[in-house]
Amino acid sequence: MKINGKTRVCGLIGNPVEHTLSPLIHNTLAEQLSHNLVYVPFLTEGGEKEVKRAVEGAYALNILGMNVTVPHKEHVLAALKEMDPLAEKIKAVNTLVRIPGGYKGYNTDIMGLHRAMESEGIYLEGENVILLGAGGAARAMAFLCAECKAEKVYLLNRTYEKAAQVADEVNRKSGTDCVIPMDLSDYRSLPDKRFLAVQCTSVGLYPDTEKAVIYDEAFYRKIHTGYDVIYRPANTRFMRLVEEAGGRAYHGLKMLLYQGIIAYELWNGMKVSEETAEKIYKRMKEEMGIEA
Ligand code: ATR
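The notes below deal with the structure included here.

Thresholds, definitions, all that
Residues numbered from 1 in each chain as written. Predicted model: local features only at pLDDT ≥ 70, side-chain atom pairs only at ≥ 80, totals over all residues. Heavy atoms only, no water. Helix = DSSP H or I, 4+ residues; strand = E, 2+ residues; numbered from the N terminus. Rg over C-alpha atoms; globule rule 2.2 N^0.38 Å. Contact = heavy atoms within 4.5 Å. Areas by Shrake-Rupley, 256 points an atom, 1.4 Å probe, with all protein chains shown as cover. Lys, Arg positive; Asp, Glu negative; His and termini not counted. Charge placed at Lys NZ, Arg CZ, Asp CG, Glu CD. Phe/Tyr/Trp six-rings, centres within 6.5 Å; stacked < 30°, edge-to-face > 60°. Buried < 20%, exposed > 50% of the residue type's maximum accessible area, 1.4 Å probe, protein only. Lys NZ or Arg CZ within 6 Å of the ring centre and 35° of its normal. Near = heavy atom within 4 Å. Polar contact = N/O pair within 3.5 Å; in protein donor to acceptor, adjacent residues only side chain to side chain. Nonpolar A, V, L, I, M, F, W, Y, C, P; charged D, E, K, R; others polar. Pairing = 2+ DSSP bridges. Right-handed = clockwise from strand over helix to strand, strands pointing away.

1. Looking at the overall build of the chain
- Looking only at helices and strands, the chain features ten helices and twelve strands.
- Its C-alpha atoms give the chain a radius of gyration of 19 Å, within 12% of the compact-globule value 19 Å for 292 residues.
- C-alpha atoms of the chain, sized along the principal axes, occupy 60 × 40 × 30 Å.
- Here the contacts in the chain between residues at least 6 apart in sequence split such that 72% fall between residues at least 24 apart.
- Counting every atom, the chain has about 13600 Å² of accessible surface; 50% of that belongs to carbon and sulfur.
- Counting 36 positive and 38 negative side-chain charges, the chain places the averaged centre of each group 4 Å from the other.

2. Observations regarding the packing of aromatic side chains
- Scanning all chains against the criterion turns up seven aromatic pairs.
- The interplanar angle of 90° and the centroid separation of 5.8 Å between the aromatic rings of Tyr 59 and Tyr 103 together place this pair among those described as edge-to-face. Placement of the pair is Tyr 59 in helix H2 (residues 48–60) and Tyr 103 in strand E6 (residues 102–106), with a sequence separation of 44 residues.
- Judged by relative accessible area, Tyr 103 falls into the buried class, the value being 1%.
- Consider the rings of Tyr 154 and Phe 195, whose centres lie 5.8 Å apart with planes at 85°: the pair is edge-to-face. Separated by 41 residues along the polypeptide, Tyr 154 in strand E8 (residues 152–157) and Phe 195 in strand E10 (residues 195–199) bring together distant segments of the chain. Residues Tyr 154 and Phe 195 agree in their burial class; the two are buried.
- Chaining the aromatic ring pairs together yields one cluster made of Tyr 187, Phe 219, Tyr 220 and Phe 238.
- The ring centre of Tyr 59 lies 3.9 Å from the NZ or CZ of Arg 98, which sits over that ring.

3. Structural notes on the site of the ligand
- With respect to spatial proximity, 14 residues lie near the ligand, and among them Ala 134, Asn 157, Arg 158, Thr 159 and Lys 162 are the closest.
- Here an oxygen atom of the ligand and a side-chain polar atom of Thr 159 are 2.4 Å apart.
- Relative to its unbound accessible area of 640 Å², the ligand is 63% covered by the protein chains.
- Looking at side-chain class alone, the shell around the ligand contains five nonpolar, seven polar and two charged residues.

4. Examining the pairing of strand E11 (residues 223–228)
- Counting buried positions along E11 yields five of six residues, so the element is predominantly enclosed.
- Relative to E11, E10 runs parallel, the two sharing five bridges. Across the sheet, Gln 199 pairs through a bridge with Asp 228, a residue of E11.
- Judged from the three bridges that link them, E11 and strand E12 (residues 248–250) form a sheet pairing that is parallel. Bridging across to E12, Thr 225 finds its partner in Arg 248.
- The β-α-β motif built from E11, the intervening helix H8 (residues 237–244) and the parallel element E12 has right-handed crossover chirality.

All we've got here are geometric facts, nothing functional implied.
What follows is the structure, encoded as structure tokens:
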């Protein structure tokens, strides 16, 4: 593809941005689909005020769309013209889509996690779910579980107060009582059932690859499927513990793939085929040095 007068620009605002895989995802998509589009990282320092200036500047420069990463997913809310209802509930935005007069905010992280799970045959409806953690990722996941009508969602966190706060907010906003907060150390009192577990803490992230929040084999025997939102490393201790106890385990790289694909679809008003998604995923795995 030639960069010329018609090239559209998309980008990523965050701090830091050096290690992101998003340029690989979007530039490969543009190449595969023969779109005249480039995607670049924009290091954005500061807080809400600076992010607002960056978003206004992006609009003035006719930038088609932006991704937003840490620490700006909440800072960016004040700079938006509109918000998708799911992003509004979660109060975190990672994708900006150009509309007349500004940008509309979406949370494709959570939409991506949903699509990744479904692509692996994991469905939330009627499921008994364990969520480990009560930070941004767990909160978004709890909203998704409520939205998809999970049976029960046990939200386990080291700091119980945070779990209680998240559970209360999700139940209230979703008109349900399915989210149950628990202290992480009380995991033995989980009901005697088989669960889908989603690991949403930062524990086990590179370079602490030998760590997990729980090591007890009895806990892992209750898990039929374990999903770790971490993808660096691609085989976390949590995943290994799930597999050793007989469950299926997945890492978070597909979530990253689909959050990018959904953003790209929103920017370009089209649908990316599964065949193209597979090609992008292969490139991502090569970049990460993952074999399977
Ligand atoms: P994110 O936005 O990626 O979810 P976060 O908001 O920083 O990240 O949340 C990190 C989560 O990992 C929290 O639930 C945190 O537990 P606390 O609320 O008790 O801090 C959890 N976490 C981090 N380190 C942990 C550890 N060593 N053991 C147990 N939980 C841990």
